[in-house]
Amino acid sequence: MSGKKYTTSSGIEIKEVYTSVPSPMNELPGEFPYTRGIQKDMYRGRPWTMRQYAGFSTAEESNKRYHYLLSQGTMGLSVAFDLPTQIGYDSDHALAEGEVGKVGVAIDSLKDIEILFDGIELEKVTTSMTINATAPILLAMYIALAKKQGADLKLISGTIQNDILKEYAARGTYIYPPRQSMRLITDVFEYCSKELPKWNTISISGYHIREAGSTAVQELAFTLANGKAYLKAAMDKGLDINVFAKRLSFFFNCHNNFFEEICKFRAARRMWAHITKELGATDAGAQKLRFHTQTGGSTLTAQQPMNNIVRVANQAMAAVLGGTQSLHTNGYDEALSLPTEAAAKIALRTQQIIAFESGVTATVDPLAGSYFIESLTDELEAAAQLYIDQIDAMGGSVKAIEEDYIQQEIAKSAYRHQLEIESGEQVLVGVNQFVQEQEQSVEVFRVDDSIRLQQTAKLQKLKAERDNQAVDLALQQLKEATRSEENLMPYILNAVENYATLGEIADTMRHVFGEH
């Protein structure tokens, strides 16, 4: 037997050989607790949704990329927003300088959303929007455009990330204090359950927890703990778990440790099924964990960037074998810039090759019954449950975040990982081993700094042409509703339809809620 100790990225020891499964495997796909998948036929029925996350510069430029991606076989759109949009500032705000259009598309008003989706029928695509603090405003803009297109809101489908707890814990694009933020989230749950029944009202995100430096076990535990907090907040508002839980989805990362990632997804489904059942869910649809996966941005290297094509393919295959419902594959150049069109195409082709050439979609959960897979799935679940028990003992995720517990655990893991890279204990090909002195240069994508001037000009034109009295009235009504217990979504939608800007709407709520 070898004397070297092998572990997963979470520190779970890997045996040299596995000779049995922990317990007999008598579970079938599509059956509680859904370890083997939430559908009986999985990809035999239809492949996962192939999304490519895109958004940059102006709505006009992003619209061109969306039409290109749809023409290449993308099955759903995934919208990236710039930082000012994410934290509720219009492009002409002083704090927006230097950030407009840089990491996503700049959206200041319904006018920009109309341009962003020009020529795209919202009834015929699913749209995922990576937006949190301003999620109700962006959703209202999407609804307003759907109404202008004459779409049936009952058929509109897509997802808003809308997961503010992980922003406090790992990412930082929050605006309001936690309690007020949770109110906005449950208002969206309530509104969509009646008006947009096919819309996923939250994508509970482990992705950014992992990007901040967590282990796979911590990503699993903290994401599900946040999910429990959202369930309880909605139930406290009187919502029926059997209705609203069907519209919750999850967003996970996929890193390089192939088998650990597969087992993480299997464990997540099983754990969530038990969590929802314990909280009173009796409908199978409310017990099923549906998730989107994105390959690991923090695993991409600026050195030898073409190596990232292999990393992304490895991660994408793990996500598929783990049973993802939709998938985004990163461009090989994303450690250097936003993806070029060429990199985005290779990323999409990676998914298509897995789906149509690899043969892995022919049977459901093909790794089930493997001594290693079943053992590691159980070990990940047990390790994650210890964290969840600790968070429950503290009073739940909101309390654990307020006490800095989750943030500190992530920080400690990130520090350990960095030490492992610097010592060479963790090999990074092209970074700390197999280094090239002469790096191959690749084309990078650059966003023009003049975008802010263009957006500012559009804002000035909008404010000159709209009915400013109607805007003032809509914002005043929103402010009054914010001071009450009313659901805020109808008031936000009214302000959006009168062409109030994102910053004006966010500021109206800032005046009442305050900032965190």
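Notes on the structure follow.

The rules behind these values
Here, residues in each chain are numbered from 1, in the same order as that chain's written sequence. The model is predicted, so local features are restricted to residues of pLDDT at least 70 and side-chain atom pairs to those at 80 or more, both for listing and for counting; the totals for chains, interfaces and linings are taken over all residues. Hydrogens and water are ignored here; the side-chain numbers use all heavy atoms of the structure. The numbering of helices and of strands both runs from the N terminus, where a helix is a DSSP run of H or I of at least 4 residues and a strand a run of E of at least 2. Relative accessibility under 20% of the residue-type maximum defines a buried residue, over 50% an exposed one, and the middle range a partly exposed one, all with a 1.4 Å probe and only protein chains included. Note on contacts: a residue pair qualifies if any of its non-hydrogen atoms lie within 4.5 Å across the two residues. Pairs were defined over the aromatic rings of Phe, Tyr and Trp, the Trp ring being its six-membered one, requiring ring centres within 6.5 Å. Orientation was assigned from the angle between planes: stacked under 30 degrees, edge-to-face over 60, tilted for the rest. Whenever a carboxyl oxygen of Asp or Glu lies within 4 Å of a side-chain nitrogen of Lys or Arg, that contact is scored as a salt bridge. Axes here mean lines fitted to C-alpha atoms, for a helix over just the part in contact, with angles spanning 0 to 180 degrees between N-to-C directions. Crossings are sorted by hand: turned counterclockwise from the far helix by less than a right angle, the near helix makes the crossing left-handed, and turned clockwise it makes it right-handed. As a working rule, the residues Ala, Val, Leu, Ile, Met, Phe, Trp, Tyr, Cys and Pro are called nonpolar, Asp, Glu, Lys and Arg charged, and the rest polar, with Gly in that last group.

Time to look at the environment of Thr49. Position of Thr49 relative to the elements: it lies in strand E3 (residues 49–54). Classification of Thr49 as buried rests on a relative accessible area of 11%. Sequence spacing of Thr49 and Gln325 is 276 residues, and the spatial spacing of their C-alpha atoms is 6.4 Å. Discounting residues that sit within four places of it in the chain, Thr49 has contacts with Met75, Gly76, Thr126, Gln325, Ser326 and Leu327.

Taken as a whole and assessed by the stated rule, the structure comprises 18 aromatic pairs. Residues Phe117 and Tyr142 carry aromatic rings whose centres are separated by 5.3 Å and whose planes lie at 85° to one another, so their mutual orientation is edge-to-face. Of this pair, Phe117 sits in the loop between helix H3 (110–116) and strand E5 (126–130) while Tyr142 sits in helix H4 (residues 135–148), placing them 25 residues apart in sequence. Accessibility classification places Phe117 together with Tyr142 in one group, the buried group. Arranged with centres 5.9 Å apart and planes meeting at 10°, the rings of Phe189 and Phe244 form a pair that is stacked. One end of the pair, Phe189, is in helix H6 (residues 178–195); the other, Phe244, is in helix H9 (residues 241–244), with 55 residues separating them in the sequence. Like Phe189, the residue Phe244 is buried in the burial classification.

Another aspect to go through is the pattern of salt bridges. According to the stated counting rule, one finds 26 salt bridges in the structure shown. Of the charged contacts in the structure, one is a salt bridge between Asp365 and Arg36, with a shortest N-O distance of 3.0 Å. On the criterion of sequence distance, the pair formed by Asp365 in the loop between helix H13 (341–357) and helix H14 (371–394) and Arg36 in the loop between strand E2 (13–14) and E3 is long-range, its members being 329 residues apart. Asp187 is the salt-bridge partner of Arg183, the closest N and O atoms lying 3.7 Å from each other. Pair noted here: Arg183 and Asp187 are both in helix H6, with a separation of four residues, about one helical turn. Its relative accessible area of 16% is what places Arg183 among the buried residues.

For the pair helix H1 (residues 59–71) and H13, the least separation of the axes is 11 Å and the interaxial angle reads 35°. Crossing geometry of H1 relative to H13 is assigned as right-handed. Residues Arg65, Tyr68 and Leu69 of H1 form the contact with H13, whose participating residues are Glu341, Ala344, Lys345 and Leu348. In terms of residue class, the contact of H1 with H13 is built from four nonpolar, no polar and three charged.

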